[in-house]
Amino acid sequence: MAYLITDECIDCNACEIECPNNAIYPAGESWELHGEEHPAVSDEHTYIAYDKCTECIGFYDEPQCVAVCPSEAVIKDPERVETEEELLAKKEKIGTVLK
Ligand code: SF4
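What counts, and where the lines are drawn
Residues numbered from 1 in each chain as written. Predicted model: local features only at pLDDT ≥ 70, side-chain atom pairs only at ≥ 80, totals over all residues. Heavy atoms only, no water. Buried < 20%, exposed > 50% of the residue type's maximum accessible area, 1.4 Å probe, protein only. Helix = DSSP H or I, 4+ residues; strand = E, 2+ residues; numbered from the N terminus. Arc of directions from axis to C-beta. Contact = heavy atoms within 4.5 Å.

Asks: Quick one: what's the story with unusual backbone geometry, residue by residue and with numbers?
Replies: Phi at Asp11 is positive, roughly 55°, even though this residue is not glycine. Residue Asp11 is classed as partly exposed on the basis of its relative accessible area, which comes to 36%. Look at Glu72: it is not a glycine, yet its phi comes out positive at around 50°. Residue placement: Glu72 occurs in the loop between α1 (64-68) and β6 (74-76). By relative accessible area, which is 71% here, Glu72 ends up exposed.

Have a look at this one:
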């Protein structure tokens, strides 16, 4: 299951730098994966590109964006349920490695 950022977001961008998959983008900015650009998911507030969110599986024990959000604006996306295996496969596909 990917996470999503709700309207409670205050655009502090604390989560953006914490995401191991670089899945978090400022409002209105297009997101990219493997050199392909995609339209912004939100023009209103910081957002998560769900195709790049792995719930931090394989990197951390808990979602980093949830942990740092001061306004509890990050929730599980009920429309994007994924198993741990699917999330690990997604991580492989993204190919991010922690520096
Ligand atoms: Fe990034 Fe982890 Fe938050 Fe997903 S749960 S957006 S991978 S920090």
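Asks: Can you explain helix α2 (residues 84-94)? Please cite residues and give values.
Replies: Within α2 the residues assigned to the buried category are Leu87, Lys90, Lys91 and Ile94. Buried positions in α2, seen along its axis, are confined to an arc of 100° and lie on one side of it. Away from its buried face by more than 90 degrees, α2 exposes Glu85, Glu92 and Lys93. Elements in contact with the buried residues of α2: β3 (31-33).

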